[in-house]
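Below, each chain spelled out in residue letters.
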Amino acid sequence: MPRSEGEGNTGAYAHASRAIVNLRGAFILILVSFHSCLAYIGSTPAPAATFDQPPFLWLAFPIVDDRRFYGFDLYCAWEDVHVMALMFFLSGLFVAPGLRRKGALHFAADRLLRLGLPFLFSVLLLMPIAIYPVYHRLTPEAGLADYLGAYLALPFLPNGPTWFLWLLLAFSCVAALLHAISPDAVSRLGALVSNARRKPERFFLGLAIALALAYLPPTLAYNPFDWFVHGLFSFQLSRPFLYGVYFFAGVAIGAHGLGAGLLAPDGRLPQLWKRLAVASPLLLFAWMAATGVTLIWPSFAPLPMKFLSSLAYVGASVATVMLLMALATRFGGERFAWLELVSRNSLGIFVIHYMPVVWMQYLMTGAPLPAFLKAAIVFAVALPFSVGVAVAMRRNAVLGRLIGEEPSTAPSMAPGTPSRA
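All values derive from a computational prediction rather than experimental measurement.

Rules used throughout
- Residues numbered from 1 in each chain as written.
- Predicted model: local features only at pLDDT ≥ 70, side-chain atom pairs only at ≥ 80, totals over all residues.
- Heavy atoms only, no water.
- Helix = DSSP H or I, 4+ residues; strand = E, 2+ residues; numbered from the N terminus.
- Rg over C-alpha atoms; globule rule 2.2 N^0.38 Å.
- Buried < 20%, exposed > 50% of the residue type's maximum accessible area, 1.4 Å probe, protein only.
- Contact = heavy atoms within 4.5 Å.
- Areas by Shrake-Rupley, 256 points an atom, 1.4 Å probe, with all protein chains shown as cover.
- Lys, Arg positive; Asp, Glu negative; His and termini not counted.
- Charge placed at Lys NZ, Arg CZ, Asp CG, Glu CD.
- Expected span 1.5 Å × (residues − 1).
- Pairing = 2+ DSSP bridges.
- Patch = residues over 30% accessible without salt bridge, like charges linked within 9 Å, V, L, I, M, F, W, Y side chains within 5 Å.
- Salt bridge = Lys/Arg side-chain N within 4 Å of Asp/Glu carboxyl O.
- Phe/Tyr/Trp six-rings, centres within 6.5 Å; stacked < 30°, edge-to-face > 60°.
- Core = buried A, V, L, I, M, F, W, Y, C linked by side-chain atoms within 4.5 Å.
- Axes fitted to C-alpha atoms, helices over the stretch in contact; angles between N-to-C directions.
- Parallel < 35°, antiparallel > 145°, perpendicular 65-115°, else oblique.
- Left-handed = near helix turned anticlockwise from the far one by under 90°.

Asker: Residues and numbers for the overall build of the protein, please.
Answerer: Scanning the protein from terminus to terminus reveals 16 helices and two strands. Computed over the C-alpha atoms, the radius of gyration of the protein is 21 Å, within 12% of the 22 Å expected from 2.2 N^0.38 for a compact globule of 421 residues. Principal-axis analysis of the C-alpha atoms gives the protein an extent of 65 × 55 × 40 Å. A burial count over the protein gives 54% of its 421 residues as buried. For the protein, the proportion of contacts with a sequence separation of at least 24, taken over those separated by at least 6, is 83%. When the accessible surface of the protein is summed, it comes to about 18100 Å², and 70% of that surface belongs to carbon and sulfur atoms. Positive and negative charge centroids in the protein, built from 29 and 19 side chains respectively, lie 10 Å apart.

Below is the structure:
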């Protein structure tokens, strides 16, 4: 049977836990930087011409600045292959311990509170504030009442990056349902990756095959820019099953025990970081090249080219996610107080950061500064603002719930351990 988090080598579990804490903190820094530079991508399409008419380009690029930097295209392409995948993978790691400790019903109710409330808080309150600069830039003569009317007339409610929360909630409920039907289901899932500690290459291959099966059919039907947007909900049409595979891969690894499986500090994964560091950029460039052909000449791109592009995406995604996990396991076993602060407030920062990012990008339009410097200023303002607001909200029992965090006045966990599932 897979070992739980409290079994086996306590030191190995503590090392793996600190590695995840540090990786989660680093990931939030990457995510905020990603959104900070979206306004300055060299290949960004022209700014949206209207606020209330399709194709609603401002959903993907709220602010488009005149200053561009093509280096951001490469950076954002790298983000695209791993950023959401890693979020779902990390989120799945602590599902099995949560189900064992709480049971299916309590676990589902807790996830509904921790993910559902932040999602509604973001969609109903933060997003209308975040999107106002988009409307004001398109119609500067209009007033606040005009904006509210136009916003409420939209055929959907913008949710920015927090679409991740409702999809994560859906996956979590599926895991709880499986546990309710068969309490051993998650443990059996963990047994499938029991050799990941000694032979992570097999895990990589199995994960890549599962991802390809989940990703290829929808990506041949939809391009990466096709989204389902209706009411409160939105998701990228080509990727929900791909994200589901990553989530349940994380569940499987977590079910086997953090310190006993893939993330064991004495396992083989940390030794593979150099090879993954070579494979990740090579597969990224292969995906970019194949995708460039399918996007620039879509009428001439044969089905095999689309197929190749999708396979390259899967390869780049697996290599990059596993590279980050390997680096965290190899070098992230120490405690870094500043990174732990970001990690412990990661969900709050995730919910809050989009608003200051968009407003700063709006305020920076027209400034005679290089694109790189603008993005750096946006990041330098948005990150501490988000951290400060998240920390302040956690000190209040009610406000802390709105960002999915336990109030900081509650008993804390041991330093360096992940927050509970």
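Asker: So, helix α6 (residues 163-181): which residues are in play, and what are the values?
Answerer: In this model α6 runs 28 Å from its N-terminal to its C-terminal C-alpha over 19 residues, within 8% of the 27 Å that 1.5 Å per residue would give. Of all the positions in α6, only Trp163, Phe164, Leu165, Trp166, Leu167, Leu168, Leu169, Phe171, Ser172, Ala175, Ala176 and His179 are classed as buried.

Asker: Account for the pairing of strand β1 (residues 227-230), naming residues and giving values.
Answerer: Within a regular strand, side chains alternate between the sheet's two faces. As defined by bridge partners, β1 adjoins strand β2 (residues 233-236) across four bridges and the pair is classed as antiparallel. Its bridge partner being in β2, Phe228 is matched across the sheet by Phe235. Counted along the chain from β1 to the antiparallel partner β2, the turn is two residues long, and its residue Gly231 has a positive phi close to 60°.

Asker: Report on a nonpolar patch on the surface, specifying residues and quantitative values.
Answerer: A surface patch of nonpolar side chains, about 340 Å² in accessible area, is lined by Leu220, Leu303, Phe307 and Leu311. Top contributing element to the nonpolar patch by residue count: helix α11 (residues 303-331), with three residues. Looking at Leu303, the relative accessible area reads 56%, which means it is exposed.

Asker: With reference to specific residues and values, describe the side chain of Asn345.
Answerer: Relative to the elements of secondary structure, Asn345 occurs in the loop between α12 (337-344) and α13 (346-352). Taking the relative accessible area as the measure of exposure, Asn345 reaches 2% and is therefore buried. Excluding its chain neighbours within four sequence positions, the residues that come into contact with Asn345 are Ala390, Val391, Arg394 and Glu405.

Asker: Give me the lowdown on the packing of aromatic side chains, citing residues and values where you can.
Answerer: A complete count under the given rule lists 32 aromatic pairs for this structure. Each member of the aromatic cluster is reached from another via a ring pair, and the members are Phe51, Phe56, Trp58, Tyr132, Tyr135, Tyr147, Tyr151, Phe156, Trp359 and Tyr362.

Asker: Could you give an account of unusual backbone geometry, naming the residues involved and the relevant values?
Answerer: The peptide bond linking Pro54 to Pro55 adopts the cis configuration, its omega dihedral lying at 10°. Considering the arrangement of structural elements, one finds Pro55 in the loop between α1 (10-37) and α2 (71-92). Positive phi outside glycine occurs at Phe56, with the angle close to 55°. Mapped onto the elements of the fold, Phe56 is located in the loop between α1 and α2. By relative accessible area, which is 12% here, Phe56 ends up buried.

Asker: Describe the pattern of salt bridges, and please don't skip the residues or the numbers.
Answerer: Per the counting criterion, the structure on display carries seven salt bridges. For Lys374, the salt bridge goes to Asp65, with nearest N and O atoms at 3.0 Å. Here the residue Lys374 occupies a position in helix α15 (residues 371-394), and Asp65 occupies one in the loop between α1 and α2, the gap between them amounting to 309 residues. Lys374 gets classed as buried once you look at its relative accessible area, which sits at 0%. A network of salt bridges, in which partner residues are shared, links Arg335, Glu340 and Arg344.

Asker: So, the nonpolar core: which residues are in play, and what are the values?
Answerer: Counting 128 residues, the largest nonpolar core has Phe51, Phe88, Phe203, Tyr246, Leu263, Met322 and Met325 as the members making the most contacts within it. Ranked by residues supplied to this core, first place goes to helix α4 (residues 104-138) with 13 residues. The residues contacting Tyr246, other than those within four sequence positions of it, are Ala85, Phe88, Phe89, Leu207, Leu211, Ser317, Val318 and Val321.

Asker: Give me the packing of helix α3 (residues 95-102) against α4: which residues, what numbers.
Answerer: In contact at an axis separation of 7 Å, α3 and α4 are set at 125° when each is read in the N-to-C sense. By the criterion of interaxial angle, the relationship of α3 to α4 is oblique. Here the hand of the crossing between α3 and α4 comes out right-handed. On α4, the residues that touch Val95, Gly98, Leu99 and Lys102 of α3 are Ala104, His106, Phe107 and Asp110.

Asker: Tell me about the environment of Asn159, and please be specific about residues and values.
Answerer: The residue Asn159 is located in the loop between α5 (144-152) and α6 in this model. Residue classification places Asn159 among the buried residues on the basis of a relative accessible area of 3%. Counting along the chain gives 72 residues from Asn159 to Gly231, while the straight-line C-alpha distance between them is 9.8 Å.

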